[in-house]
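So you can see what is in the structure, the chains are spelled out below.
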Amino acid sequence: MHGNEPCGAYALARLIKRMVRPLRGRLTLAFMNPAAAARRNGDGSHGARAVEEDLNRVWSAGALGGPGASLELTRARALRPLLASVDTLLDLHSMHCDGPPVILAGAAPKGVALARAVGAGLPIVIDRGHAGGTRLRDYAGFGDPASPTSALLVECGQHDDPAAVELAYAVSLRFLAHWGLVEPRPSQLSAARPAPEIEVTDTITVQTGPFEFAAAYRSLDVVPRAGTLIGRDGAREVRTPYDACMLVMPSYLLGPGDTAVRLGRLRAV
Ligand SMILES: [Zn+2]
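Residues numbered from 1 in each chain as written. Predicted model: local features only at pLDDT ≥ 70, side-chain atom pairs only at ≥ 80, totals over all residues. Heavy atoms only, no water.

Attention shifts here to the pattern of salt bridges. Throughout the structure, instances matching the rule amount to 16 salt bridges. Between aspartate 127 and arginine 135 there is a salt bridge; the shortest N-O distance is 2.9 Å. There is no split in this pair, since aspartate 127 and arginine 135 are both buried. Between arginine 267 and glutamate 197 there is a salt bridge; the shortest N-O distance is 3.4 Å. Within this pair, whereas arginine 267 is found in strand β11 (residues 259–267), its partner glutamate 197 is found in strand β5 (residues 197–205), the two being separated by 70 residues in sequence. Judged by relative accessible area, which is 3%, glutamate 197 ranks as buried. Here the salt bridges do not stand alone but share partners, grouping Asp127, Arg135, Arg137, Asp138 and Arg262 into one network. (Salt bridge = Lys/Arg side-chain N within 4 Å of Asp/Glu carboxyl O. Buried < 20%, exposed > 50% of the residue type's maximum accessible area, 1.4 Å probe, protein only. Helix = DSSP H or I, 4+ residues; strand = E, 2+ residues; numbered from the N terminus.)

In structure tokens, the structure reads:
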């Protein structure tokens with residue numbers, strides 16, 4: 001999905017090389033934004049988050065059916081018929097902030113149930129997405145509590161950490177085993193330990209910028225006291241609204257309209 005997040009592409013390449021074939025149904029592996037992955041950066045490295053706009057913010061009927069034009073919108077429009085055939089979707093990502101991998105389950109109970117079932121013990125983040133546009137994991141039926149389709153987004157670790165590739169591959173196999181497309185591995189038969197569940201209460205979207213955090217936060221850091229200054233958006237102070245406030249995926253490369261950080265609290269499981 002994001003060209004600078006290679007773990008998903010490596011996991012898919014491994015599934016293809018190992019000739020993983022579904023025991024039932026159909027398995028589709030999609031390299032979502034190869035044009036962004038092929039981009040060469042100023043430092044000689046490959047892979048940009050996007051070419052013209054974030055491919056993971058265009059998944060609404062308004063954006064897809066609207067007058068907007070970009071390489072990413074063209075790609076998303078081309079993938080629409082394929083996505084209409086998808087019963088359940090796994091979207092693999094990585095993070096530039098430091099912190100543990102997480103599953104983004106969306107806001108509907110079905111996403112949380114799927115995240116628990118696929119398990120792997122990863123923290124489960126329950127959230128509504130971004131003001132800047134709709135994610136694929138929330139697209140059409142995926143985000144509709146009444147639809148039988150479902151989706152998970154997994155942030156597998158840091159962009160260039162080889163461990164993110166291992167996790168992306170392991171989560172893919174767990175996901176496929178959950179739906180009966182592959183036999184579960186012996187290690188998957190034991191019940192995963194219950195994962196912490198984090199309910200996102202606030203999404204801090206950059207209004208004016210420049211946005212600066214008050215400290216070098218890692219994802220899932222907990223700020224003990226309500227009212228603590230955690231950042232500034234231009235002249236606007238951003239403070240924690242309650243005690244034991246968890247900072248989910250602080251982002252340090254920001255412009256107006258981007259999500260700076262999500263605030264959440266640990267649910268009693
Ligand atoms: Zn991503």
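Now that the structure has been shown, we can carry on.
Here we take up the domain arrangement of the chain. Here the chain is partitioned into domain 1 (7–189) and domain 2 (200–267). Contacts between domain 1 and domain 2 engage 20 residues on the former and 16 residues on the latter. Together domain 1 and domain 2 conceal approximately 1,300 Å² of surface at their shared face, both sides included; 62% is due to carbon and sulfur atoms. When the buried area of domain 1 at its contact with domain 2 is split by residue, His96, Cys97 and Ile126 rank highest and sum to 32% of it. Run the count over domain 1 and domain 2 and you get two salt bridges. Across the salt bridge formed by arginine 218 and aspartate 98, the nearest N and O atoms sit 3.2 Å from each other. Sorting the residues of the side of domain 1 that touches domain 2 by element identifies β2 (102–104), α5 (109–118) and β3 (124–126) as the ones contributing at least two each. When the residues that make up the side of domain 1 that touches domain 2 are grouped by side-chain class, the tally is ten nonpolar, five polar and five charged. (Domains from an automatic or database assignment. Contact = heavy atoms within 4.5 Å. Buried area = accessible area lost by both parts, 1.4 Å probe. Nonpolar A, V, L, I, M, F, W, Y, C, P; charged D, E, K, R; others polar.)

Here we come to the nonpolar core. In globular proteins that are soluble, nonpolar side chains generally tend to be buried together. Of all hydrophobic cores here, the largest spans 31 residues; its most connected members are Leu92, Leu152, Val154 and Cys156. Those elements that provide at least two residues to this core are α1 (7–17), α5, β3, β4 (150–158) and α6 (162–178). With ten residues, the top contributor of residues to this core is α6. Beyond its immediate chain neighbours, meaning those up to four positions away, leucine 92 contacts Gly8, Ala11, Leu12, Val154, Cys156, Ala168 and Ser172. (Core = buried A, V, L, I, M, F, W, Y, C linked by side-chain atoms within 4.5 Å.)

What follows is about the side chain of asparagine 56. On the secondary structure map, asparagine 56 appears in the loop between α2 (34–37) and α3 (61–65). Given a relative accessible area of 2%, asparagine 56 falls into the buried group.

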